Amino acid sequence: MNDLAEALYTDPAVAQFYDFRGAARPDLAFCRKLAGDCRSVLDLGCGTGELAALLAENRRVVGVDPAAAMLDIARTRPNGGMVDWIEGDARTIRLDNRFDMVLLTGHTFQVFLTEVDQRAVIETVAAHLKPGGRFVFDSRNPDFPGRKTRTKDETRRRFTHPRHGEIEAWNESVFDDATQTLSYRNSYCIRKSSEVHTATARIRYTPKNVIAALLHDSGLKVERWFGDWSGVPFDTTSKEIIPLGRGLSL
Ligand SMILES: C[S@@+](CC[C@H](N)C(=O)[O-])C[C@H]1O[C@@H](n2cnc3c(N)ncnc32)[C@H](O)[C@@H]1O
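Residues numbered from 1 in each chain as written. Predicted model: local features only at pLDDT ≥ 70, side-chain atom pairs only at ≥ 80, totals over all residues. Heavy atoms only, no water.

1. Some points on the sheet that holds strand β7 (residues 157-161)
Strand order in the open sheet formed by four strands is β7-β8-β9-β10, and the pairing between neighbours is antiparallel. Whereas interior strands pair on both sides, the edge strands pair on one side only; in this sheet they are β7 and β10 (195-204). Adjacent strand axes in the sheet meet at a mean angle of 25°, parallel and antiparallel pairs treated alike. Relative to strand β9 (residues 181-190), strand β8 (residues 165-176) runs antiparallel, the two sharing 10 bridges. In the sheet register, Val174 faces β9, and the bridge partner there is Ser183. (Pairing = 2+ DSSP bridges. Helix = DSSP H or I, 4+ residues; strand = E, 2+ residues; numbered from the N terminus. Axes fitted to C-alpha atoms, helices over the stretch in contact; angles between N-to-C directions.)

What follows is the structure, given as structure tokens:
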């Protein structure tokens, strides 16, 4: 039983809209370049597999996610047949292989709501890196200025879904300062039928110094801290916290 299972990812009726979030994906080009001549990549919390499938053009890629509904979409995307998709939990999974690169993008790190779970997933990264292999992940910076709480009116947008046509989407979120956790609900209305699919989820915001301590404890060495996927250096009010580093070189 995965205690992190969120309907946002596990309910096929909602997961089918994941790839239409309307947000740019600068992480894709960044990670593709970073993967360079890596022969093997492990994508933890790969979701619908956009990045994993892209990277699989030139190397062996394994994508891990506990949500079967997300992996079902991943399998059928272009290049989806070139990735090994594994239904599993990034906190506990142990594969027989080690990889040149291990990554978690799309803020998968933030689905881990406790320090115990964050430690567990970082241990998984460390356990799957070849000596000197690279890791990278992203987490939104809690100190980025502006409200984290959002209303339906602020977030309403429209897009066209290939199967359902015009969709109206919105999300509503509330931030709890005490736990640094954002609770949110994403909703999708299929305009032609007025059918609404909706699901809630939670993510945690973690300060850079806490992430740095967790990485240090796992023996992972950070070489660069980026402030977003354009590759600018991190500063205290950056949008993202992106550590790029290496595993132990034995
Ligand atoms: C925001 S999505 C990011 C997906 C993908 N990496 C991307 O960039 O689009 C977060 C993903 O984390 C997955 N997830 C939730 N719990 C997890 C766990 N215990 N281990 C690995 N992935 C998990 C969800 O199923 C979901 O696919």
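2. Regarding helix α3 (residues 26-35)
Given 3.6 residues to a turn, an α-helix orients residues that are three or four positions apart in the same direction. Asp27, Leu28, Phe30, Cys31, Leu34 and Ala35 are the residues of α3 that are buried. For α3, the elements touching its buried residues are α4 (50-55), β4 (99-104), β5 (129-137), β11 (221-226) and β12 (240-246). (Buried < 20%, exposed > 50% of the residue type's maximum accessible area, 1.4 Å probe, protein only. Contact = heavy atoms within 4.5 Å.)

3. Quick word on the domain arrangement of the protein chain
When the domains of the protein chain are assigned, the result is domain 1 (7-142 + 207-246) and domain 2 (152-204). Computed over C-alpha atoms only, the centres of domain 1 and domain 2 are separated by 23 Å. Of the residues lining the interface, 19 residues belong to domain 1; the matching set on domain 2 comes to 22 residues. The junction of domain 1 with domain 2 conceals about 1600 Å² of combined surface from both sides, 61% of it contributed by carbon and sulfur atoms. On the domain 1 side of the interface with domain 2, the three residues burying the most area are Phe17, Phe20 and Leu113, jointly 40% of the side's total. Joining domain 1 to domain 2, the criterion identifies zero salt bridges. Inspection of the domain 1/domain 2 interface yields seven residue pairs in polar contact (both at pLDDT 80 or more). (Domains from an automatic or database assignment. Buried area = accessible area lost by both parts, 1.4 Å probe. Salt bridge = Lys/Arg side-chain N within 4 Å of Asp/Glu carboxyl O. Polar contact = N/O pair within 3.5 Å; in protein donor to acceptor, adjacent residues only side chain to side chain.)

4. Brief notes about the packing of helix α6 (residues 115-127) against helix α8 (residues 208-217)
It is at 9 Å that the axes of α6 and α8 come closest, and there the two elements cross at 50°. By the angle between their directions, the pair α6 and α8 is classed as oblique. Of the two possible hands of crossing, α6 and α8 adopt the one that is right-handed. Contact residues: α6 offers Glu115, Gln118, Arg119 and Ile122, while α8 offers Leu214, Leu215 and Asp217. (Parallel < 35°, antiparallel > 145°, perpendicular 65-115°, else oblique. Left-handed = near helix turned anticlockwise from the far one by under 90°.)

5. Regarding the environment of Ala69
Looking at where Ala69 falls in the secondary structure, it is placed in helix α5 (residues 68-76). Residues Ala69 and Tyr9, spaced 60 residues apart in sequence, show a C-alpha to C-alpha distance of 6.6 Å.

6. A short note on the pattern of salt bridges
Summed over all chains, the structure comprises 17 salt bridges. In this structure, Glu57 and Arg32 form a salt bridge, with 2.7 Å as the shortest nitrogen-oxygen distance. With Glu57 in the loop between α4 and β2 (60-65) and Arg32 in helix α3, the pair connects residues that are 25 residues apart, well separated along the chain. Residue Glu57 is classed as partly exposed on the basis of its relative accessible area, which comes to 40%. One salt bridge in this structure joins Asp153 and Arg156, with 2.4 Å as the shortest N-O distance. Through salt bridges that share partners, Asp153, Arg156, Arg158, Glu166 and Glu168 make up one connected network.

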